[in-house]
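A structural walkthrough
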Amino acid sequence: MFQDRRIGLWLLAPATLFVVVGFLVPVIILLSGAFRTDGGWSLGNYLDFFGSSLNREVFWRTFRLGLTVTLVSAILGYGVAMAVVDKGPKTKGRLIAMLVLPLMISPVARTYAWLVILGRTGFINVGLENLGIIERPLRILFTETAVFIGLIQLFFPLMVLPLISALENMPRDVVPAARVLGANWLTVFWKVILPLTKEGLVVGGTLVFVGSLTAYVTPAILGGSKVLMLETLLYQRVSVANDYASAAVIGVILIAMSVLTNILLKKLASVRKA
């Protein structure tokens, strides 16, 4: 038995070495760089970062958009997931394939498609002008609205797929039983469906929120320099300003927000309703 254990440890060694060298070491270097200043180790880099009004605005914009995208994805995701689960096997397979298909397309191509749709001569503006609703094209590109639309389209499948899995594992008779006992659909969702599918919501919420925080291509293309987010600000600090201290601070903030989001969602899921 001891010999088998030693063999198992040797088999785990390559994967462990890969994780340590490819993940832990870069993260430790990043963390150390964010706390290191000319005078030694301190929080000076963080004080300098949040002392700038621009940095504070970018931070709150990133957090606000990430939270909004996650909430909207959850609300719409439950509706889509319930509609998919109620279908027959063949139709369900086709709908799931339609949800997965966008994930196989490059985010760059998917984001550039929105330039054609949201531009001044795009489908939306031309359609509204032809209908007589507007006289001049709306400015949609390079706004928070454009970034929000792009992030929703990019990460919405990552919310729906875990919810579909959670709904499929839910007992089939609980919803009819609640309806027979006189509960309306809102009560059924809040008291029955939501508690039984909270694991799927935690997984989907974490993927969407963290993805929205760390996305670079979509905010860079649809937001440009007018709608900076933490990822685009990090790129500017490294490639333009050569400010590696601020870039390290942004990296630590993104890691901390991602970890805290997962912990918070798990805590909320573990709370039992009275």
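The notes below deal with the structure included here. Predicted model, so just to flag it, every value in this text is computed and none were measured.

When its secondary structure is counted, the protein shows 13 helices and 2 strands. Looking at the protein residue by residue over its 274 residues, the buried ones come to 36%. In the protein, the proportion of contacts linking residues at least 24 apart, taken out of those at least 6 apart, comes to 70%. Each charge class in the protein can be summarised by its mean position, and for the 24 positive and 13 negative side chains these summaries are 6 Å apart.

Moving on, we come to unusual backbone geometry. Its identity is not glycine, yet Phe142 carries a phi of approximately 60°, on the positive side. Positionally, Phe142 belongs in the loop between helix 6 (123-130) and helix 7 (144-168). Taking the relative accessible area as the measure of exposure, Phe142 reaches 36% and is therefore partly exposed. Phi is positive for Asn242, which is not a glycine, with a value near 55°. Looking at the element boundaries, Asn242 is found in the loop between helix 12 (230-239) and helix 13 (244-270).

Interhelical geometry of helix 5 (residues 107-118) versus helix 6 gives an angle of 20° and a closest axis separation of 5 Å. Compared by their axis directions, helix 5 and helix 6 come out roughly parallel. Residues Val116, Ile117 and Leu118 of helix 5 form the contact with helix 6, whose own contacting residues are Phe123, Ile124 and Asn125. Residues of the contact of helix 5 with helix 6, tallied by class, amount to 5 nonpolar, 1 polar and no charged.

Before going further, it helps to examine the nonpolar core. Judged by nonpolar contacts, the single largest core of 38 residues is most densely connected at Val147, Ile164, Val188, Ile193 and Leu222. Mapped by element, the contributors of at least two residues to this core are helix 3 (53-85), helix 5, helix 7, helix 8 (174-180), helix 9 (185-196) and helix 11 (217-223). Top element by residues in this core is helix 7. It accounts for 12 residues. With residues up to four places along the chain from it excluded, the contact list for Ile164 reads Ala81, Val84, Val85, Ile96 and Leu99. Core analysis: the next-biggest nonpolar cluster, separate from the first, contains 17 residues, Ala34, Phe49, Phe209 and Val249 among them.

What counts as what
- Each chain has its residues counted from 1, following the order in which its sequence is written.
- Note on the predicted model: pLDDT of at least 70 is required for a residue's local features to be given, and 80 or more for side-chain atom pairs to be given and counted; whole-chain, interface and lining totals, by contrast, use all residues.
- Side-chain descriptors were evaluated using all non-hydrogen atoms of the structure, hydrogens and water having been removed beforehand.
- Secondary structure counts use DSSP, requiring at least four H or I residues in a row for a helix and at least two E residues in a row for a strand, with both numbered from the N terminus.
- Only protein chains enter the calculation, and the probe is 1.4 Å; a residue is then buried if its accessible area is under 20% of its type maximum, exposed if over 50%, and partly exposed in between.
- The contact criterion used is simple: two residues touch if any of their non-hydrogen atoms lie within 4.5 Å.
- When charges are counted, Lys and Arg contribute as positive and Asp and Glu as negative, whereas His and the chain ends are disregarded.
- The atom standing in for a charge is NZ when the residue is Lys, CZ when it is Arg, CG when it is Asp and CD when it is Glu.
- Fitted lines through C-alpha atoms give the axes, limited to the stretch in contact for helices. The angle between two N-to-C directions lies from 0 to 180 degrees.
- Each angle receives one of four descriptions, namely roughly parallel if under 35 degrees, roughly antiparallel if over 145, roughly perpendicular if within 65 to 115, and oblique otherwise.
- Under this grouping Gly is polar, as are all residues other than the nonpolar Ala, Val, Leu, Ile, Met, Phe, Trp, Tyr, Cys and Pro and the charged Asp, Glu, Lys and Arg.
- Residues grouped as a nonpolar core are buried Ala, Val, Leu, Ile, Met, Phe, Trp, Tyr and Cys residues, joined through side-chain atoms within 4.5 Å.

By themselves these figures say nothing about function.
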